[in-house]
Amino acid sequence: MTKTILILGGTAEARSLADQAVAQWPDARVVTSLAGRTKSPRLPRGEIETGGFGGADGLADYLVRENVDVLIDATHPFAAEISRNAERAAAGAGVPRLVLARPPWSFAGNTNVRHVPDLPGVHDALASAVRIFLAIGRQEVAAFAPGTGKFFLLRFIDPPASPPNFAGCRVLTGRPESVAEETNLLQSHRIDTVVAKNGGSDASRAKIDAALALGLSVILIDPPPPPMPPRAGTVDAAINWIAKNI
Ligand code: NAP
């Protein structure tokens, strides 16, 4: 019978895992599920589902209905709800589940990096910042009220439905760039502080490396606790786990 691998995606690792799984198991169904928030996501090989399942129960129903053999939660480290749903649904449906999670960035000893646990922590840490690159995605940016007397540079993959309207604010659309391009962006906007989620991805790290090389301040929002094991830290380790569990 055809084997079915369901990957909860939205990260570069999820894409790479799907591509490798299609190559390794050409007779299997490799399905990647995306939340559907990005208008033109980079798509992996295999089938795509989009738009969510309707909570843990909806995901459990999907696992049973589609005869899913293994579930890999390769979602963004900050996407805690879908990870909780995956854990519950897999347990309920009796489907082996693996978390593919990259470690957060570590800048141990770098005094320009300040870690905060959450968004309110960012507000406190911004007291002495003047020109800020706020790179935290669309969903939480509304928490930053206008009229603070600070300049905010915002960058989104897709423009928000209602663009933020801070007193001093510039909105850019686009994906993270190379260190050289991020350096140029920070310098041309005279940024003194970069705020980012510590999501651990290689692509998003360029702006942090650029900021630190320029001697700027960096505020990193640390991720929530990782989902329950089993966990793999690399795509190769996830492929090995699938091979043993499929
Ligand atoms: P979430 O809060 O964990 O999930 C909310 C709901 O979205 C889930 O219950 C599920 O809906 C749906 N969903 C999420 N991921 C899905 C997937 N791969 N496949 C199918 N459905 C999915 O996740 P989020 O709202 O996407 O993100 C939460 C936080 O993570 C935010 O802070 C966001 O900025 C951050 N995040 C950042 C990035 C990034 O920077 N690239 C990417 C993703 C998330 P149903 O209950 O209907 O199944």
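Summary of the structure given here. All of these numbers come straight from a predicted model, not from anything done at the bench.

Scoring rules and cut-offs
Within every chain, residues take consecutive numbers counted from 1 along the sequence as written. In view of the model being predicted, local features appear only for residues whose pLDDT reaches at least 70, and side-chain atom pairs are presented and counted only at 80 or more, with totals across whole chains, interfaces and linings using the full set of residues. Processing note: side-chain calculations cover all non-hydrogen atoms of the structure and skip hydrogens and water entirely. Being paired, for any two strands, means DSSP has found at least two bridges between them. By definition, any uninterrupted DSSP run of H or I lasting at least four residues is a helix, any uninterrupted run of E lasting at least two residues is a strand, and each is numbered from the N terminus. Three exposure classes are used, based on accessible area relative to the maximum for each residue type with a 1.4 Å probe and protein chains only: buried under 20%, partly exposed in between, and exposed over 50%. What qualifies as a polar contact is a pair of N or O atoms within 3.5 Å, subject to a donor-acceptor requirement within protein and to the restriction that residues adjacent in sequence count only when both atoms come from side chains. Whether two residues are in contact is decided by their heavy atoms: any pair within 4.5 Å suffices. Think of it like this: strands point away, you trace from the first strand over the helix to the second, and a clockwise trace means the crossover is right-handed. Salt bridge, as used here: a side-chain nitrogen of Lys or Arg that lies within 4 Å of a carboxyl oxygen of Asp or Glu. The directions from the helix axis to the C-beta atoms form the arc being described. Helix axes are fitted to C-alpha atoms over the stretch in contact, other axes to C-alpha atoms as well, and angles between N-to-C directions run from 0 to 180 degrees. Should an angle lie under 35 degrees it is considered roughly parallel, over 145 roughly antiparallel, and from 65 to 115 roughly perpendicular; all remaining angles are considered oblique. Should the near helix be turned anticlockwise from the far one by less than a right angle, the crossing is termed left-handed; should it be turned clockwise, right-handed. By the convention adopted, Pro, Cys, Tyr, Trp, Phe, Met, Ile, Leu, Val and Ala count as nonpolar, Lys, Arg, Asp and Glu as charged, and the other residues, Gly among them, as polar. Nearness here has a simple test: a residue counts as near a molecule or strand if at least one of its heavy atoms is within 4 Å of that partner. Working definition of accessibility: Shrake-Rupley area with a 1.4 Å probe, residue cover restricted to the visible protein chains. Using a grid of 1 Å spacing that covers the protein atoms alone, one calls a set of points a cavity when a 1.4 Å probe fits there but cannot get out, and a pocket when the set is open and has protein on both sides within 12 Å along at least five of seven lines; lining residues are those with an atom within 4 Å of a point. Grid points are joined across faces, edges and corners, and a volume is the space filled by probe spheres set on the points.

## Some words on the sheet that holds strand β3 (residues 47-50)
Pairing within the open sheet is parallel, and its 6 strands lie in the order β3-β2-β1-β4-β5-β12. Since the sheet does not close on itself, it has two edges, and those belong to β3 and β12 (231-232), each with one partner. Bridge count for strand β1 (residues 4-8) against strand β4 (residues 70-73) is 4 bridges, and the pairing is parallel. Bridging across to β4, I7 finds its partner in I72.

## Here we look at the side chain of T75
Structurally, T75 is set in the loop between β4 and α3 (80-93). By relative accessible area, which is 11% here, T75 ends up buried. Among the polar contacts listed, one links the side chain of T75 to the side chain of S83, at a separation of 3.3 Å. Leave out the neighbours within four places in its chain, and T75 touches L8, G9, T11, I82 and S83.

## Thoughts on the pairing of β4
Moving residue by residue along a regular strand, the side chains alternate between the two faces of the sheet. Neither face of β4 is exposed, since V70 and I72 on one face and L71 and D73 on the opposite face are all buried. Summarising the sheet, β4 and strand β5 (residues 97-100) pair through 3 bridges and their orientation is parallel. Among the inter-strand pairings, I72 is bridged to a residue of β5, identified as L98. At this point the chain moves from β4, through α3, to the parallel β5, and the crossover so formed is right-handed.

## A few points about the pattern of salt bridges
Counted under the stated rule, the structure contains 8 salt bridges. Across the pair R88 and D57 runs a salt bridge, and its minimum N-O distance is 3.5 Å. With a gap of 31 residues between them, R88 in helix α3 and D57 in helix α2 (residues 55-65) connect regions that are remote in the sequence. Between R205 and D209 there is a salt bridge whose closest N-O contact spans 3.1 Å. Remark: D209 and R205 occur in helix α6 (residues 202-213); sequence separation between them is 4 residues, near one turn of the helix.

## A look at helix α7 (residues 235-245)
All of the buried residues in α7 are V235, A238, I239, W241 and I242. The buried residues of α7 occupy an angular sector of 160° when projected down its axis, which confines them to one face. Summarising the contacts, the buried residues of α7 are in contact with β1, α1 (12-24), β4, β5 and β12.

## Notes on the packing of helix α5 (residues 179-188) against α6
It is the contact of α5 with α6, at a shortest axis distance of 8 Å, that shows an interaxial angle of 60°. Our classification of the angle between α5 and α6 gives oblique. Both α5 and α6 take part in a crossing whose hand is right-handed. Contacts between α5 and α6 involve V179, E182, T183 and L186 from the first element and A206, K207, D209, A210 and A211 from the second. Of the residues that constitute the contact of α5 with α6, the class distribution is 5 nonpolar, 1 polar and 3 charged.

## Examining the environment of A89
Relative to the assigned elements, A89 resides in helix α3. When its relative accessible area of 1% is taken as the criterion, A89 is described as buried. Dropping the residues within four chain positions of it, A89 is found in contact with A56, L59, A60 and L63.

## Some thoughts on the site of the ligand
Neighbouring the ligand are 20 residues, the closest being S33, R37, F53, E140 and K197. Between the ligand and R37, the relevant distance is 2.7 Å, taken from an oxygen atom to a side-chain nitrogen or oxygen of the residue. Alone, the ligand offers 860 Å² of accessible surface; in the complex the protein occludes 76% of this. Put simply, the parts of the chain that give the shell around the ligand at least two residues each are β2 (29-34) and α3. A per-element tally of the shell around the ligand places α3 first, with 4 residues.

## Some details on the layout of surface pockets
Considering only enclosed or pocket space, the second largest pocket measures out at about 400 Å³ in volume. Every element with two or more residues in the lining of the second largest pocket is listed here: α3 and β5. For the lining of the second largest pocket, the element with the highest residue contribution is α3, accounting for 4 residues. Looking at side-chain class alone, the lining of the second largest pocket contains 14 nonpolar, 6 polar and 5 charged residues.

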